[in-house]
Amino acid sequence: MDIKLLTPQDWSDYELIDSGNFEKLERFGRYITARPEPQALWNKSLSDAEWKQRTNAYFRKDKRNEERGEWEIKPQMPQQWFVNYRHENMKLRMRLGLTSFKHVGLFPEQAENWNFIYEQVKKIGTSARVLNLFAYTGGASLAARSAGADVTHVDSVKPVITWARENMEASGLDGIRWIVDDALKFVRREVKRGKKYNGIILDPPAYGRGPDGEKWILEENLNELLSLCHQLLEPRNSFLVLNLYSMGLSALLARTTVRQLVGDCQGESFGELFFTDSFGKSLPLGVYYRFWR
């Protein structure tokens, strides 16, 4: 059993500067943002005045809608900008933007999984077929494609697919297959078609809607989705990555849910993804489970 706390190392374009009072202060490239973070239960190390002075863009929640808000931006802050990420021969370039949902188009803690995906595909070879579900702006898809995989990228939001395509082009890549669809409906069809994949990446939200209004509830739908993914995954030379962001769900839960379906594997890793801010406070940012065989 291999339980790990994973934090990406040596990423010059990202830094968690401070965290606390349910917020986090981050640097993405040249620009510093402040936004809500429900797991930052402790006190800030810097004063509110220092946060305000350092920040280029500060996200303020809409009191009428907790899911949305607006960014207060300083004159030098652009609406869009780029960051770079490198690992071995993988060179990714991704566009960031200020959205009304507090996101900037990137979950930097996922860099540890990008490294894993890249290395697994390299081991399997350029014949590897990888399926990325709930794929968002495509960091994991780019990692797999950088290693030579045939990649299918599935997300239910068309503008997000467009964003991911821009990231592919900015990274000097091509050839990713883009699918706007509900993840559960898509894998049901793939099982009927008899398709097989060497790698499957799942990054499901707690709640969501498909392009035709399909309802996704993690606790209700995850088991069926994983069962279908088990049928799609090659029995050898394959890997799976599962991320869970919902507060209260554990890495052990993720492991048990996957392993009761897939059985034995050559190796596995599970635990928490996190960053430590410049004052030594470690901020958990989700749990993961991954296996390879």
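In what follows, the structure referred to is the one given above.
First things first, this report covers the structure right here in the doc. (Residues numbered from 1 in each chain as written. Predicted model: local features only at pLDDT ≥ 70, side-chain atom pairs only at ≥ 80, totals over all residues. Heavy atoms only, no water.)

Side note on the packing of helix α5 (residues 183-193) against helix α6 (residues 218-232)
Link 1 in the chain: The contact between α5 and α6 brings their axes to 9 Å, and the two run at 30°. The orientation of α5 relative to α6 falls into the category roughly parallel. Between α5 and α6 lies a crossing whose hand is left-handed. Across the interface between the two elements, A183, L184, V187, R188, E190 and V191 of α5 pack against N221, E224, L225, L228, Q231 and L232 of α6. (Axes fitted to C-alpha atoms, helices over the stretch in contact; angles between N-to-C directions. Helix = DSSP H or I, 4+ residues; strand = E, 2+ residues; numbered from the N terminus. Parallel < 35°, antiparallel > 145°, perpendicular 65-115°, else oblique. Left-handed = near helix turned anticlockwise from the far one by under 90°. Contact = heavy atoms within 4.5 Å.)

Let's talk about unusual backbone geometry
Link 1 in the chain: Phi at K102 takes a positive value of approximately 80°, unusual for a residue other than glycine.
Link 2 in the chain: Examined against the element boundaries, K102 turns out to sit in the loop between β8 (90-97) and α2 (111-124).
Link 3 in the chain: Even without a glycine there, the phi angle at F134 is positive, about 55°.
Link 4 in the chain: Along the chain, F134 turns up in the loop between β9 (129-133) and α3 (139-146).

Some thoughts on the nonpolar core
Link 1 in the chain: With 48 residues, the main nonpolar core has W114, I117 and V121 as its most contacted residues.
Link 2 in the chain: What I117 contacts, discounting residues up to four positions off in sequence, is A140, A143, A144, I201, F239 and V241. (Core = buried A, V, L, I, M, F, W, Y, C linked by side-chain atoms within 4.5 Å. Buried < 20%, exposed > 50% of the residue type's maximum accessible area, 1.4 Å probe, protein only.)

A closer look at the packing of α6 against helix α7 (residues 251-262)
Link 1 in the chain: Contact geometry of α6 with α7 gives a least axis separation of 9 Å together with a crossing angle of 40°. Taken together, the axes of α6 and α7 are oblique relative to one another. α7 is crossed by α6, and the crossing has right-handed handedness. Here N223, L226, S227 and H230 of α6 lie close against α7, whose contacting residues are T257, V258, Q260, L261 and V262.
Link 2 in the chain: A breakdown of the residues in the contact of α6 with α7 according to their chemical character gives 4 nonpolar, 5 polar and no charged. (Nonpolar A, V, L, I, M, F, W, Y, C, P; charged D, E, K, R; others polar.)

Considerations on the pattern of salt bridges
Link 1 in the chain: If you walk through the whole model with that rule in mind, you get 18 salt bridges.
Link 2 in the chain: For R35, the salt bridge goes to E26, with nearest N and O atoms at 2.7 Å.
Link 3 in the chain: Look at R35 and you get buried, because its relative accessible area is 5%.
Link 4 in the chain: Under the relative-accessibility criterion, E26 is labelled buried at 1%. (Salt bridge = Lys/Arg side-chain N within 4 Å of Asp/Glu carboxyl O.)

Let's talk about the pairing of strand β3 (residues 23-28)
Link 1 in the chain: Judged by how many residues are buried, β3 sits mostly within the fold: 5 of 6 residues are covered.
Link 2 in the chain: In this structure, strand β2 (residues 14-20) lies alongside β3, joined through 6 bridges in antiparallel fashion. Across the sheet, the residue bridging to E15 is R27, located in β3.
Link 3 in the chain: Connecting β2 to the antiparallel partner β3 that follows it, the hairpin turn spans 2 residues, and N21 within it adopts a positive phi of roughly 55°. (Pairing = 2+ DSSP bridges.)

A word on the environment of K195
Link 1 in the chain: Positionally, K195 belongs in the loop between α5 and β12 (199-202).
Link 2 in the chain: With 38 residues separating them along the chain, K195 and L233 place their C-alpha atoms 8.7 Å apart.
Link 3 in the chain: In this structure, K195 is in contact with E190, Q231 and L232, ignoring residues within four places of it in sequence.

Limitation: the analysis is restricted to geometry and does not speak to function.
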